[in-house]
Amino acid sequence: MIVDRKYVQSIRTHGQKDIPAEIEAILIKRFGKEPYPHTYSEQDLYEQTRKVINRYSTPRGRLEVIDGVDLLENELERLNGNTTGELLDAGEF
């Protein structure tokens, strides 16, 4: 499952949310293709798009989403988890 214009329109209609064209483009760019070799479930897309839309709704969050700060935060969190896992495996934590 992916985000496309039809998916965004359904959020506008059923979720009764105002989604500007700018955030629509960001959502389609981020979630418009499956992350090979994985796939998005309906719940994954709902939760991820909800987070992006909510963050975008504040002035600071809007700039963070536009600049990809939220993506960098997610990557940093993933890397921290990997480091912790490696330390636990090595018995050093």
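Residues numbered from 1 in each chain as written. Predicted model: local features only at pLDDT ≥ 70, side-chain atom pairs only at ≥ 80, totals over all residues. Heavy atoms only, no water.

(A) The packing of aromatic side chains, seen in detail. Applying the stated criterion across every chain yields a total of one aromatic pair. Plain terms: the ring middles of Phe-31 and Tyr-40 are 5.8 Å apart, the flat faces sit at 75° to each other, and that makes the pair edge-to-face. Tyr-40 carries the same exposure label as Phe-31, and that label is buried. (Phe/Tyr/Trp six-rings, centres within 6.5 Å; stacked < 30°, edge-to-face > 60°. Buried < 20%, exposed > 50% of the residue type's maximum accessible area, 1.4 Å probe, protein only.)

(B) Examining the pattern of salt bridges more closely. Per the counting criterion, the structure on display carries nine salt bridges. Across the pair Glu-64 and Arg-60 runs a salt bridge, and its minimum N-O distance is 2.9 Å. Remark: Arg-60 and Glu-64 occur in helix α4 (residues 59–67); sequence separation between them is four residues, near one turn of the helix. Assessed through its relative accessible area of 65%, Arg-60 is described here as exposed. Each of the salt bridges in this network shares a partner with another, and the network as a whole consists of Arg-55, Arg-60, Glu-64 and Glu-73. (Salt bridge = Lys/Arg side-chain N within 4 Å of Asp/Glu carboxyl O. Helix = DSSP H or I, 4+ residues; strand = E, 2+ residues; numbered from the N terminus.)

(C) Highlighting the nonpolar core. Within the largest apolar cluster, 15 residues are counted, with the highest numbers of intra-cluster contacts made by Val-3, Ile-23, Leu-27 and Phe-31. For this core, the secondary-structure elements that each account for two or more residues are α1 (5–14), α2 (21–31) and α3 (42–56). Setting aside chain neighbours within four positions, we find Phe-31 in contact with Ile-2, Val-3, Tyr-40, Leu-45, Gln-48, Thr-49 and Val-52. (Core = buried A, V, L, I, M, F, W, Y, C linked by side-chain atoms within 4.5 Å. Contact = heavy atoms within 4.5 Å.)

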